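So you can see what is in the structure, the chains are spelled out below.
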2 protein chains.
Amino acid sequence: MTRPAQLTLTALPDIPLIQPGDDLAAIILNSLAACGLRLEVGDVVVVAQKIVSKSEGRAVKLSEVKPSPRAIELAEAAQKAPGFVEVVLSESREVMRVRPGTLIVEHRLGFVCANAGVDRSNVAPHDDEEWLLRLPEDPDSSCARLREQLRSATGVEVGVIVNDSHGRAWRNGTVGVALGAAGVPGLLDLRGHPDLFDYALQVTQVGLADEIAAAASLLMGQADEGQPVIHVRGVPYSLRDGNARELIRPKELDLFR
Amino acid sequence: MTRPAQLTLTALPDIPLIQPGDDLAAIILNSLAACGLRLEVGDVVVVAQKIVSKSEGRAVKLSEVKPSPRAIELAEAAQKAPGFVEVVLSESREVMRVRPGTLIVEHRLGFVCANAGVDRSNVAPHDDEEWLLRLPEDPDSSCARLREQLRSATGVEVGVIVNDSHGRAWRNGTVGVALGAAGVPGLLDLRGHPDLFDYALQVTQVGLADEIAAAASLLMGQADEGQPVIHVRGVPYSLRDGNARELIRPKELDLFR
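Chemist: Is there a simple way to think about the packing of helix α1 (residues 24-34) of chain A against helix α5 (residues 139-154) of chain A in this case?
Modeler: Residues and elements named next belong to chain A. At a closest axis distance of 9 Å, the pairing of α1 and α5 adopts a crossing angle of 50°. Comparing the axis directions of α1 and α5 gives the class oblique. For the pair α1 and α5, the sense of crossing is right-handed. Facing L24, A25, I28 and L29 of α1, the residues of α5 in contact are L146, Q149, L150, A153 and T154. Residues that form the contact of α1 with α5 fall into these classes: seven nonpolar, two polar and no charged.

And the structure:
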């Protein structure tokens with residue numbers, strides 16, 4: 001019987017609700033142990049942005065935000081609370097489009113996304129305050145830290161990705177993308193690799209970390225944060241160090257801005 | 001020990017080089033048997049566009065294409081053969097951007113993609129002719145036919161997706177997307193589902209078939225067509241019938257056209 005190539009994603013069980021200051025590496029290692037998984041070289045751990053942001057204390061109270069005149073003005077067009085828009089602006093380089101419910105912005109890290117990734121859902125239970133959760137300060141660094149903590153505890157170098165769900169131009173629906181990465185290439189460069197009949201490949205760079213992020217997102221589900229950490233085994237490429245900045249197309253090279 | 005949720009992708013082994021008229025369902029069933037996999041309800045089979053297109057006879061000889069004056073004119077800006085541009089135009093509704101090496105078009109099926117998905121690589125071995133491979137005539141129908149053939153042979157209703165790798169606005173690198181789907185929703189609608197603390201979800205629709213397509217693309221690899229069929233088990237949603245047209249954002253609702 002032929003032994004086929006497999007890619008296996010496992011949703012790590014029993015990840016608790018994350019609070020500021022929580023040690024994600026320890027929580028992940030506990031969960032891996034609980035389901036009998038040992039990290040191996042080439043594995044990738046994908047962590048949902050929400051729990052990284054929470055552990056890093058990236059939530060702010062809406063009632064404590066003082067909106068600027070520009071936020072108040074944009075809030076009307078976006079039909080959002082001025083304080084929400086203020087936090088979005090504080091996380092953005094540029095507002096690209098405004099429509100009811102959404103500001104499409106260039107995030108300060110370069111991503112084009114809705115509302116700068118600021119989210120008011122799921123922040124705290126039994127709390128009448130409205131909290132706004134911002135993306136991690138520097139998701140590539142969050143991944144590098146987590147990778148180092150996992151290496152330090154296990155001796156194994158794995159890839160780490162922080163993912164989130166983003167909308168897209170031209171297509172309906174969100175898909176998982178990599179906000180941060182460490183120990184795994186953002187982009188896989190196939191330029192110059194021959195294809196089956198030695199033609200030059202027309203498709204030259206694959207968004208590897210984004211494909212892993214999308215696969216993990218599929219298993220995470222979307223409606224709560226029950227499964228915010230996914231273990232991935234079998235990525236059919238040698239992992240090298242890398243980051244998610246590779247995935248950001250420079251504004252001046254983008255034909256659709 | 002906690003039994004975690006898993007998503008398992010298997011690259012079906014020993015898929016032969018596909019020729020026009022080949023019976024993909026029979027080839028897939030042979031390969032499933034060879035690696036001891038039996039289809040189950042909820043499984044999804046993802047098939048690379050190239051082999052679907054080849055089996056459907058969608059290749060044309062470059063030397064037999066007669067370029068129009070418009071193709072000759074665009075070919076200069078795109079630095080491509082006029083015959084290639086002619087085939088791209090014949091597959092497109094609208095040319096959106098032209099740059100050296102690439103025409104970004106709206107494909108007649110609504111996808112925004114490079115060169116209308118027309119590809120000159122991998123078409124035929126030991127052949128001095130240049131062949132151009134077009135996308136399937138109707139990828140949703142290709143999926144529906146394949147799904148019905150698999151059901152007829154096994155009694156099991158699975159989801160079928162035809163995927164391809166597309167470039168994107170704003171981000172570098174290609175990712176797998178669904179060109180066609182049957183027995184699996186293109187979009188998963190989460191509007192109204194409560195999240196963990198009963199906030200309304202801001203992210204409302206997930207590009208489910210695209211996330212499955214991206215996951216499969218990761219395992220297919222890109223540099224040849226050695227692994228063009230991926231079996232997916234463990235998609236954590238009830239499959240319903242659906243198609244890839246759900247994923248196409250109507251032009252008038254797209255903020256980035």
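After that view, the rundown keeps rolling.
Chemist: Looking at this structure, how should I read the environment of D14 of chain B?
Modeler: As for its placement among the helices and strands, D14 of chain B is situated in the loop between β1 (6-11) and α1 (24-34). Sequence separation between D14 of chain B and P228 of chain B is 214 residues; the distance between their C-alpha atoms is 9.9 Å.

Chemist: Would you mind showing me how to read the sheet that holds strand β6 (residues 112-114) of chain A here?
Modeler: Sheet strands line up and pair through hydrogen bonds in the backbone, either parallel or antiparallel. All names here are of chain A. What the three strands build is an open sheet, ordered β4-β5-β6; its pairing is antiparallel. Edge positions in the open sheet fall to β4 (92-99) and β6, since each of these has one partner strand only. Each neighbouring strand pair of the sheet contributes to a mean axis angle of 25°, computed without reference to strand direction. Lying over the sheet, helix α3 (residues 69-78) contacts β4 and β5 (102-107), oriented at roughly 30° with respect to β4.

Chemist: What is the right way to look at the state of the cysteines in this model?
Modeler: One covalent bond between the sulfur atoms of two cysteine residues makes up a disulfide. Inspection of the entire model under this criterion finds zero disulfides over all chains. Cysteine C113 of chain A is unpaired, with the sulfur of C143 of chain A as its nearest cysteine sulfur at 16 Å.

Chemist: Looking at this model, I keep getting lost on the sheet that holds strand β12 (residues 229-233) of chain B. Mind explaining?
Modeler: Read across the open sheet, the 10 strands follow the order β9(A)-β8(A)-β2(A)-β12(A)-β1(A)-β1(B)-β12(B)-β2(B)-β8(B)-β9(B); overall the sheet is mixed. Two strands bound the open sheet, and with one partner strand each, they are β9 (175-182) of chain A together with β9 (175-182) of chain B. Going across the sheet, the axis of each strand differs from the next one's by a mean of 25°, ignoring polarity. As judged from the four bridges shared by strand β2 (residues 44-48) of chain B and β12 of chain B, these two strands associate in the antiparallel manner. Bridge pairing links V47 of chain B to V229 of chain B in β12 of chain B. Seen against the sheet, α5 of chain A touches β2 (44-48), β8 (159-166) and β9 of chain A and runs at an angle of roughly 65° to β9 of chain A. The strands touched by helix α6 (residues 208-220) of chain A are β1 (6-11), β2, β8, β9 and β12 (229-233) of chain A together with β1 and β9 of chain B; relative to β9 of chain A, the strand with the most contacts, the crossing angle is about 120°.

Chemist: Before we go on, may I ask you to explain α6 of chain A in this structure?
Modeler: Residues separated by three or four positions in an α-helix point in the same direction, a consequence of the helix having 3.6 residues per turn. Residues and elements named next belong to chain A. The end-to-end C-alpha separation of α6 is 18 Å, in line with the 18 Å expected for 13 residues at 1.5 Å each. For α6, the buried fraction is high: 13 of the 13 residues fall into the buried class. The positive-phi residue at the C-terminal boundary of α6 is G221, with phi of around 75°.

Chemist: Please explain the side chain of R134 of chain A as it appears in this structure.
Modeler: Residues and elements named next belong to chain A. Structurally, the position occupied by R134 is in the loop between β7 (131-133) and α5. Buried and unpaired, R134 has E91 as its nearest opposite-charge partner, separated by 4.7 Å. Those residues in contact with R134 that sit more than four places away from it in its chain are Q49, S53, G57, R58, V60, V87, E91 and V118.

Chemist: It is not clear to me how helix α4 (residues 82-90) of chain A should be interpreted in this structure. Could you clarify?
Modeler: Residue and element names in this part refer to chain A. A large share of α4 lies buried, amounting to seven of its nine residues. Buried within α4 are the following residues: G83, F84, V85, E86, V87, V88 and L89. Close packing links the buried residues of α4 with β3 (59-61), α3, β4, β5 and β7.

Chemist: Sorry, what's going on with the pattern of salt bridges here?
Modeler: Here the idea is simple: oppositely charged side chains can pair when their charged atoms come close. Residues and elements named next belong to chain A. Within the structure shown, the criterion is met by 30 salt bridges over all chains. Residue R58 pairs with E91 through a salt bridge whose shortest N-O separation is 3.1 Å. With R58 in the loop between α2 (49-55) and β3 and E91 in the loop between α4 and β4, this residue pair connects regions lying 33 residues apart in the sequence. In this structure, E246 engages R240 in a salt bridge whose closest nitrogen and oxygen atoms are separated by 3.2 Å.

Chemist: I'm lost on the packing of aromatic side chains in this one. Help?
Modeler: Geometry of an aromatic ring pair is reported as the spacing of the ring centres plus the angle between the planes. Inspection of every chain in the model, using the stated rule, returns zero aromatic pairs over all chains. Between K80 of chain A and the ring centre of F84 of chain A, over which it is positioned, the NZ or CZ distance is 4.7 Å.

Conventions we followed
- Residues numbered from 1 in each chain as written.
- Chains lettered and ligands numbered in written order.
- Predicted model: local features only at pLDDT ≥ 70, side-chain atom pairs only at ≥ 80, totals over all residues.
- Heavy atoms only, no water.
- Axes fitted to C-alpha atoms, helices over the stretch in contact; angles between N-to-C directions.
- Helix = DSSP H or I, 4+ residues; strand = E, 2+ residues; numbered from the N terminus.
- Parallel < 35°, antiparallel > 145°, perpendicular 65-115°, else oblique.
- Left-handed = near helix turned anticlockwise from the far one by under 90°.
- Contact = heavy atoms within 4.5 Å.
- Nonpolar A, V, L, I, M, F, W, Y, C, P; charged D, E, K, R; others polar.
- Pairing = 2+ DSSP bridges.
- Disulfide = S-S within 2.5 Å.
- Expected span 1.5 Å × (residues − 1).
- Buried < 20%, exposed > 50% of the residue type's maximum accessible area, 1.4 Å probe, protein only.
- Lys, Arg positive; Asp, Glu negative; His and termini not counted.
- Salt bridge = Lys/Arg side-chain N within 4 Å of Asp/Glu carboxyl O.
- Phe/Tyr/Trp six-rings, centres within 6.5 Å; stacked < 30°, edge-to-face > 60°.
- Lys NZ or Arg CZ within 6 Å of the ring centre and 35° of its normal.

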